[in-house]
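# Fold and contact review
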Amino acid sequence: MSTASQPLVLLECLVAGTTHRDGLRAFEPRLQPGQQLALAREADSVYDDWAVRVLTTGIDAFWLGYLPEGRNETVARLLDAGYPLSARLTHKAWEEDWLHLEIEVLLVN
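Within each chain, residue numbers correspond to sequence positions counted from 1 in written order. Selection of residues for local features in this predicted model requires a pLDDT of at least 70, selection of side-chain atom pairs for listing and counting requires 80 or more, and totals for whole chains, interfaces and linings are taken over all residues. Side-chain measures here rest on the full set of heavy atoms in the structure, leaving out hydrogens and waters.

### Re the overall build of the protein
What counts as a helix is a DSSP run of H or I of at least four residues, what counts as a strand is a run of E of at least two, and both are numbered from the N terminus. When helices and strands are counted, the protein shows 2 helices and 6 strands. For the protein, whose C-alpha radius of gyration is 14 Å, the value lies close to the compact-globule estimate of 13 Å for 109 residues. C-alpha extents for the protein along the principal axes are approximately 40 × 40 × 25 Å. Here's how the labels work: a residue is buried when its accessible area is under 20% of the maximum for its type, exposed when over 50%, partly exposed in between, all with a 1.4 Å probe on protein chains only. Expressed as a percentage of the 109 residues in the protein, the buried residues total 38%. Note on definitions: a residue-residue contact is assigned when non-hydrogen atoms from the two residues lie within 4.5 Å. The long-range share in the protein, meaning contacts at least 24 apart out of those at least 6 apart in sequence, stands at 58%. When the accessible surface of the protein is split by element, carbon and sulfur atoms take 52% of a total near 6500 Å². Placing the 9 positive and 16 negative side-chain charges of the protein at their respective mean positions leaves the two points 4 Å apart. Using C-alpha atoms as the atom set, the radius of gyration is obtained and then compared with a globule rule of 2.2 Å times the number of residues to the power 0.38. Using a 1.4 Å probe, the Shrake-Rupley method yields the accessible areas, and only the shown protein chains count as cover for residues. Neither His nor the chain ends contribute to the count of charged residues, in which Lys and Arg are positive and Asp and Glu negative. Where a charge lies is defined by one atom per residue type, namely NZ (Lys), CZ (Arg), CG (Asp) and CD (Glu).

### Points about the nonpolar core
Grouped together as the largest cluster of nonpolar side chains are 24 residues, with contacts concentrated most on L31, L39, V54, L64, L67, V75 and I103. Looking at this core, the elements that each hand over two or more residues are β1 (8–14), α1 (24–27), β2 (36–41), β3 (52–56), α2 (73–80), β5 (85–95) and β6 (98–107). Per-element tally for this core: the top contributor is β6, with 5 residues. What we call a nonpolar core is a set of buried Ala, Val, Leu, Ile, Met, Phe, Trp, Tyr and Cys residues that are connected through their side-chain atoms within 4.5 Å.

### With respect to the pattern of salt bridges
A carboxyl oxygen of Asp or Glu within 4 Å of a side-chain nitrogen of Lys or Arg is what we treat as a salt bridge. Applying the stated criterion across every chain yields a total of 7 salt bridges. The partner of D80 in a salt bridge is R41, and the shortest N-O contact between them spans 2.9 Å. Placement of the pair is D80 in helix α2 and R41 in strand β2, with a sequence separation of 39 residues. Residue classification places R41 among the partly exposed positions, given a relative accessible area of 21%. Across the salt bridge formed by R53 and E42, the nearest N and O atoms sit 2.6 Å from each other. Taken together, the residues R53 in strand β3 and E42 in the loop between β2 and β3 connect sequence positions 11 residues apart. Relative accessible area serves as the criterion here: at 27%, R53 is assigned to the partly exposed category. For E42, a relative accessible area of 12% gives the class buried.

In structure tokens form, the structure reads like this:
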């Protein structure tokens, strides 16, 4: 089987800032491991020059949080250059009031 059609995993990380997303607790049951996610640059962020939002896909996209600061520059630069990046949810779990979301950032061939 050829790996040419498989996306390249660029980064495995947690989604940062999930505790600050209003409505996430109610939305969480709709999140499933393996689910495709979208990435969007937030170039005007006052907190992080390389901010990248992590969202669900579709018309009613839900903003889940961010790629972690310090691990997001390469992904931000690739998005700025127009590369086709996406993400995939690999794991979710509640740890008290924090929703632990693990994702893979993917370069689509």
